[in-house]
Amino acid sequence: MENHHPKGTLKNRKIILLGAAALLLAAAMTAATVWLWPWFSTLSTPEGQQQLQDWIGGLGLKGWLIMLGLQILQIVVAVIPGEPIEVVMGVLYGAWGGFLTCELGVLAGSLLVFGAVRLLGAPLVRAVFGEDKLKSYAFLQNTQKLELITFILFFIPGTPKDVLTYVAGLTSIRPLRFLFLSSFARIPSILSSTYAGSTLAKGQFAAGFVIFAVVGAISLLGILIHKKLMARINREP
């Protein structure tokens, strides 16, 4: 006699498995972040950046691969700050070399995140960011201007781009379109950071300070614009 599993039972098992996988992945990322955080936090200080520069500079190709891996990890583990890594990229490889390395890392990291979310679904995003954050971007699943809004949100300085990378995987946007739009929209932000790093490497501290000040002011403005845009979109029926 054949056993037939009800569709509801199979669906529940799938949800449980996906949820368990999402929790395991989130736990692994959290553990890695906690373990590496004391080191990552030093990247926000000039001393920490100098130590990293001295170490990476002596490793050659291995050093470049390490920095590329850091950029990928920064996209996957959203709490790791991205700008210090981008600045160090500029110090190590110049404005354009650092920019290209960052963009390659963004592409690889975004592809990993997007693929994981497409496979595991909302439980992964919920485990990483919580229910409230997931709900705040729920409008992306219903909007008819998905690609335009995605580009704008990634283009605005100060927006939580790593959150958007996760949430985008829940929408109907095509993977290649998302990778193109998100990577293209990040160009001004990344290039400004790597250029600032390159000026510091050349000893042009005044120019570097001006760039940081301008980027900081633009980022603050971007945060305000993002908050108003999100509030307006979430108020619309």
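Placed above this text is the structure.
Residues numbered from 1 in each chain as written. Predicted model: local features only at pLDDT ≥ 70, side-chain atom pairs only at ≥ 80, totals over all residues. Heavy atoms only, no water.

Draft legend 1. Geometry of the nonpolar core. Grouped together as the largest cluster of nonpolar side chains are 41 residues, with contacts concentrated most on Met-67, Val-117, Val-125, Tyr-137, Leu-140, Tyr-166 and Phe-178. Elements that contribute at least two residues to this core include exactly α3 (61-76), α4 (83-120), α5 (122-129), α7 (146-155), α8 (161-168) and α9 (175-185). Top contributing element to this core by residue count: α4, with 11 residues. Not counting residues up to four positions away in its chain, the partners in contact with Leu-140 are Leu-146, Ile-149, Leu-153, Val-167 and Thr-171. (Core = buried A, V, L, I, M, F, W, Y, C linked by side-chain atoms within 4.5 Å. Buried < 20%, exposed > 50% of the residue type's maximum accessible area, 1.4 Å probe, protein only. Helix = DSSP H or I, 4+ residues; strand = E, 2+ residues; numbered from the N terminus. Contact = heavy atoms within 4.5 Å.)

Draft legend 2. Quick look at α3. In a regular helix each residue adds 1.5 Å, so 16 residues correspond to 22 Å; α3 covers 23 Å between its end C-alpha atoms and thus fits that length. Those residues of α3 not exposed but buried are Gly-63, Met-67, Leu-68, Leu-70, Gln-71, Ile-72, Gln-74, Ile-75 and Val-76. (Expected span 1.5 Å × (residues − 1).)

Draft legend 3. The packing of aromatic side chains, seen in detail. In this structure the tally under the stated criterion is 7 aromatic pairs. Centroid distance Phe-154 to Phe-178: 5.8 Å. Interplanar angle 65°. Geometry classified as edge-to-face. Taken together, the residues Phe-154 in helix α7 and Phe-178 in helix α9 connect sequence positions 24 residues apart. As far as the burial class goes, Phe-154 and Phe-178 line up, both buried. (Phe/Tyr/Trp six-rings, centres within 6.5 Å; stacked < 30°, edge-to-face > 60°.)

Draft legend 4. Molecular detail of the packing of α7 against α9. Interaxial distance between α7 and α9 falls to 8 Å at its minimum, and their mutual angle equals 30°. Accordingly, the angle class assigned to the pair α7 and α9 is roughly parallel. Regarding α7 and α9, the two cross each other, and that crossing is right-handed. Residues Glu-147, Thr-150, Phe-151, Phe-154 and Phe-155 of α7 lie in contact with α9, whose contacting residues are Arg-177, Phe-178, Leu-181, Ser-182, Phe-184 and Ala-185. Looking at the contact of α7 with α9 residue by residue, the class counts come to 7 nonpolar, 2 polar and 2 charged. (Axes fitted to C-alpha atoms, helices over the stretch in contact; angles between N-to-C directions. Parallel < 35°, antiparallel > 145°, perpendicular 65-115°, else oblique. Left-handed = near helix turned anticlockwise from the far one by under 90°. Nonpolar A, V, L, I, M, F, W, Y, C, P; charged D, E, K, R; others polar.)

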